[in-house]
Amino acid sequence: MRRIIAAISFLVIANSAKAQDIHFSEFWATPMFSNPALTGHFEGTYRFNSIIRNQWSSVSSEPFQTFGGGIDMNAPFNLKPLGVGLFITTDNAGLSALTTTEVQGMIAGRFKLGNWENIKLHLGAKGGIIQQSIDYSKLNFGDQFNGIRFDPTSISGDLTNGGARTMVLNFGAGSFLERRINERRRIGMGYSLYNINQPDLSYSKSFESRVAMRHNALFLASLQMLAKWDFMPSAQLNVQGKQNELVLGGAFRYHLNTSPMNPQAVRLGAWTRAGDAINIALGFELNNLYIGGSYDINYSTLEPASNYRGAWEASVIYIIPTVREKVKRLRQCPDYL
């Protein structure tokens, strides 16, 4: 009985929380999503990024699933201080059949701060659309209970049509200040603001359902410890309306091969999301490819229903290195030949 009550409580809390933005535990593996100022912030020409999150499969037969993917370009049209990109997310909220898709174009610029060595300020902005839809036929309503039992064949008075859909514009901006000597020795922090225009996602003109602005503080670093060992601390704070989320932790990275032509490394780390979960993550770096996976161990008040099982994520980043034009060298023959 305790588990059933906890499961019902979970569904109520989860559905009420959908007014909040989606999130990924592997925030370090989604740079454009974490802060638009990180668009084009990598060594190479193109970067492909994808991530999937599956949550609450231990509680619901239809778990929450979130997908994210994008591409960004460093120095488009040979404009070295710039980066441009596109990132798309789709969130499916389990039994409620509530689907939210967001398509965002991004642009960022990099600026040196006077004579400060290896320090740059990154400024970015994003803009695009949010589309949200719901399928009422997949929901159950109170008036389908006939006094004795639930009758799924009865038509609810709340089921006025098959579903609803809305589409709105959404904008955000961010900044990131970083001191970077190389990939193994860097430290940076940033601030970004999302839902600047507070878009209205209501399905009816009779009321409003505005998305609150979300403030994000981000910290990313890599500290070289030994010849083959790095420590990579990171943290993120999200504040949206009355809700907040603080994530703290880090990973140790061991370099299997430090050759610049074929670098290889493995990462193992842990983060805590205050009052909610512990995230364990494992990642592999193979030249220009990163493959990562993580699992959330839930310890919140929903634990009686979740049995400590939260969410799993898988992420992939692939960078196409800078393509340099080959220089044609002509050998000049001496006059006496």
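Okay, so let's go over this structure. If you're wondering where the values come from, they're calculated on a predicted model, not measured in any experiment.

Quick word on the overall build of the chain
For step 1, the next point in the chain: Each helix and strand in the chain was counted, giving 3 helices and 14 strands.
For step 2, the next point in the chain: Burial statistics for the chain: of 337 residues in total, 42% are counted as buried.
For step 3, the next point in the chain: Carbon and sulfur atoms make up 61% of the accessible area of the chain, which amounts to about 19100 Å² in all.

Concerning the pairing of strand 12 (residues 277–286)
For step 1, the next point in the chain: Of the two faces of strand 12, the one holding Ala277, Asn279, Ala281, Gly283 and Glu285 is buried and the one holding Ile278, Ile280, Leu282, Phe284 and Leu286 is not buried anywhere.
For step 2, the next point in the chain: Relative to strand 12, strand 11 (residues 264–273) runs antiparallel, the two sharing 10 bridges. Directly across from Arg267, in strand 12, lies its bridge partner Gly283.
For step 3, the next point in the chain: Where strand 11 hands over to strand 12, the hairpin turn is made up of 3 residues, of which Gly275 adopts a positive phi near 75 degrees.
For step 4, the next point in the chain: Bridge analysis of strand 12 against strand 13 (residues 289–298) gives 10 bridges, and the strand direction is antiparallel. Opposite Ile280, over in strand 13, you have Tyr295 as the bridge partner.

Here's the deal with the environment of Asn54
For step 1, the next point in the chain: Its location among the elements puts Asn54 in strand 1 (residues 46–55).
For step 2, the next point in the chain: A relative accessible area of 10% means that Asn54 is categorised as buried.
For step 3, the next point in the chain: Remark: the alpha-carbon pair of Asn54 and Asn92, spanning 38 residues in sequence, is separated by 9.8 Å.
For step 4, the next point in the chain: Those residues in contact with Asn54, other than ones at most four positions away along the chain, are Pro63, Phe64, Gln65, Gly310, Ala311 and Trp312.

Some details on the environment of Gly109
For step 1, the next point in the chain: Considering the arrangement of structural elements, one finds Gly109 in strand 4 (residues 98–112).
For step 2, the next point in the chain: Taking the relative accessible area as the measure of exposure, Gly109 reaches 5% and is therefore buried.
For step 3, the next point in the chain: It is 9.4 Å that separates the C-alpha atoms of Gly109 and Ala125, two residues lying 16 residues apart in sequence.
For step 4, the next point in the chain: Setting aside anything within four residues of it in sequence, one finds Gly109 in contact with Pro81, Leu82, Leu121, His122 and Leu123.

Focus: the pattern of salt bridges
For step 1, the next point in the chain: For the structure shown, the criterion picks out 17 salt bridges.
For step 2, the next point in the chain: With a closest N to O distance of 3.5 Å, Arg180 and Glu178 form a salt bridge.
For step 3, the next point in the chain: We classify Arg180 as partly exposed; its relative accessible area is 23%.
For step 4, the next point in the chain: One salt bridge connects Asp230 with Arg184, and the closest N-O pair in it is separated by 2.8 Å. With Asp230 in strand 9 (residues 229–240) and Arg184 in the loop between strand 6 (163–182) and strand 7 (185–194), this residue pair connects regions lying 46 residues apart in the sequence. Summarising the burial analysis for this pair, Asp230 and Arg184 share the class buried.

Quick word on the packing of aromatic side chains
For step 1, the next point in the chain: In total, this model carries 6 aromatic pairs according to the counting rule given.
For step 2, the next point in the chain: On the numbers, 6.0 Å between centres and 40 degrees between planes, the contact of Phe33 with Phe87 is tilted. Remark: Phe87 occurs in strand 3 (residues 82–93) and Phe33 occurs in helix 2 (residues 31–34); sequence separation between them is 54 residues.
For step 3, the next point in the chain: Accessibility expressed as a relative area gives 15% for Phe33, which makes it buried.
For step 4, the next point in the chain: In this structure Phe87 comes out as buried when scored by relative accessible area, which is 3%.
For step 5, the next point in the chain: Pairing Phe231 with Phe252 gives two aromatic rings, centres 5.0 Å apart and planes at 40 degrees, and the pair type is tilted. Taken together, the residues span a long stretch of sequence, with Phe231 in strand 9 and Phe252 in strand 10 (residues 243–257) at a distance of 21 residues.
For step 6, the next point in the chain: Look at Phe231 and you get partly exposed, because its relative accessible area is 26%.
For step 7, the next point in the chain: Put simply, the rings of Phe24, Phe33 and Phe87 pair up and form one aromatic cluster.
For step 8, the next point in the chain: When the ring centre of Tyr194 is taken as origin, the NZ or CZ atom of Arg214, which lies over that ring, is 4.1 Å away.

About the criteria used
Residues numbered from 1 in each chain as written. Predicted model: local features only at pLDDT ≥ 70, side-chain atom pairs only at ≥ 80, totals over all residues. Heavy atoms only, no water. Helix = DSSP H or I, 4+ residues; strand = E, 2+ residues; numbered from the N terminus. Buried < 20%, exposed > 50% of the residue type's maximum accessible area, 1.4 Å probe, protein only. Areas by Shrake-Rupley, 256 points an atom, 1.4 Å probe, with all protein chains shown as cover. Pairing = 2+ DSSP bridges. Contact = heavy atoms within 4.5 Å. Salt bridge = Lys/Arg side-chain N within 4 Å of Asp/Glu carboxyl O. Phe/Tyr/Trp six-rings, centres within 6.5 Å; stacked < 30°, edge-to-face > 60°. Lys NZ or Arg CZ within 6 Å of the ring centre and 35° of its normal.

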